[in-house]
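The primary structure of each chain is shown beneath.
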Amino acid sequence: MRKHLFFVSLLALFVFGAAAAESKASAQISGGYAKVSVKSKDARDAAAFAIKAQSEVEGKKFILVKILKAEVQIVAGLNHRVCILVRERKGRSKSVTAVVYKDLENVRSLTTWEGGGCKEL
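Residues numbered from 1 in each chain as written. Predicted model: local features only at pLDDT ≥ 70, side-chain atom pairs only at ≥ 80, totals over all residues. Heavy atoms only, no water.

1. Examining the overall build of the chain
Within the chain one finds 2 helices and 5 strands. From first element to last, N terminus to C terminus, the chain shows the α and β order α-β-α-β-β-β-β. Going through the 121 residues of the chain one by one, you find that 26% of them count as buried. Contacts spanning at least 24 positions in sequence make up 46% of the contacts within the chain whose residues lie at least 6 apart. Put simply, the chain shows about 8600 Å² of open surface, and 59% of that area lies on carbon and sulfur atoms. (Helix = DSSP H or I, 4+ residues; strand = E, 2+ residues; numbered from the N terminus. Buried < 20%, exposed > 50% of the residue type's maximum accessible area, 1.4 Å probe, protein only. Contact = heavy atoms within 4.5 Å. Areas by Shrake-Rupley, 256 points an atom, 1.4 Å probe, with all protein chains shown as cover.)

2. Things to note about the packing of aromatic side chains
Counting across every chain of the model gives 1 aromatic pair. Between F62 and W113 the ring centres are 5.5 Å apart and the planes differ by 45°, which places this aromatic pair in the tilted class. With a gap of 51 residues between them, F62 in strand 2 (residues 62-75) and W113 in strand 5 (residues 108-115) connect regions that are remote in the sequence. Here the guanidinium or amino end of R81 rests over the ring plane of Y33, the centre of that ring lying 3.7 Å away. (Phe/Tyr/Trp six-rings, centres within 6.5 Å; stacked < 30°, edge-to-face > 60°. Lys NZ or Arg CZ within 6 Å of the ring centre and 35° of its normal.)

3. Things to note about the side chain of Q54
Counting through the fold element by element, Q54 comes out in helix 2 (residues 41-58). A relative accessible area of 10% means that Q54 is categorised as buried.

4. Side note on the environment of R87
By the secondary structure assignment, R87 is in strand 3 (residues 77-88). Considering only alpha carbons, one finds R87 and L64, 23 residues apart in sequence, at a separation of 6.8 Å. With sequence-adjacent residues up to four places away left out, R87 is seen in contact with K61, F62, I63, V65, R92 and S93. Of the polar contacts made by the side chain of R87, one reaches the backbone oxygen of R89; its length is 2.6 Å. (Polar contact = N/O pair within 3.5 Å; in protein donor to acceptor, adjacent residues only side chain to side chain.)

5. Details of the sheet that holds strand 3
If you walk across this open sheet you meet the 5 strands as 1-2-3-4-5, and the pairing is antiparallel. In this open sheet, the two strands that pair with only one neighbour each are strand 1 (34-35) and strand 5. For strand 1 and strand 2, the ladder comprises 2 bridges, and the chain directions are antiparallel. Of the residues in strand 2, the one forming a bridge with A34 is V72. (Pairing = 2+ DSSP bridges.)

6. A few points about the pattern of salt bridges
Counted by the stated rule, this structure contains 5 salt bridges. One salt bridge in this structure joins D45 and R108, with 3.8 Å as the shortest N-O distance. Residue D45 is located in helix 2, and its partner R108 is located in strand 5; the two are separated by 63 residues in the primary sequence. Between K60 and E88 there is a salt bridge, with the nearest N and O atoms lying 3.7 Å from each other. (Salt bridge = Lys/Arg side-chain N within 4 Å of Asp/Glu carboxyl O.)

See the structure below:
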């Protein structure tokens, strides 16, 4: 009888644990962005790449002040979306949302650079 009760208790624990894990996993939208640490290497690399690429496009030198938020989305590669605080050499700081796409061969490209706050983060 004790073995049977132990087995039923163990089974119930497993079922409720699996249900809780499923609930947590479904809280994140499939195909959507997931938050990552602003201190992660990927977030720092994405911010650095975005700043370098946009500096070349505008012919201005942007400097990273701080990474405010970071997210990643799995597509056919990765989209790294970062909200960063940047400034020009002697200018005021401004917040920018940048998306850096990294393809399956680890080639990066800047797909979005939008000023005016942390959009959609």
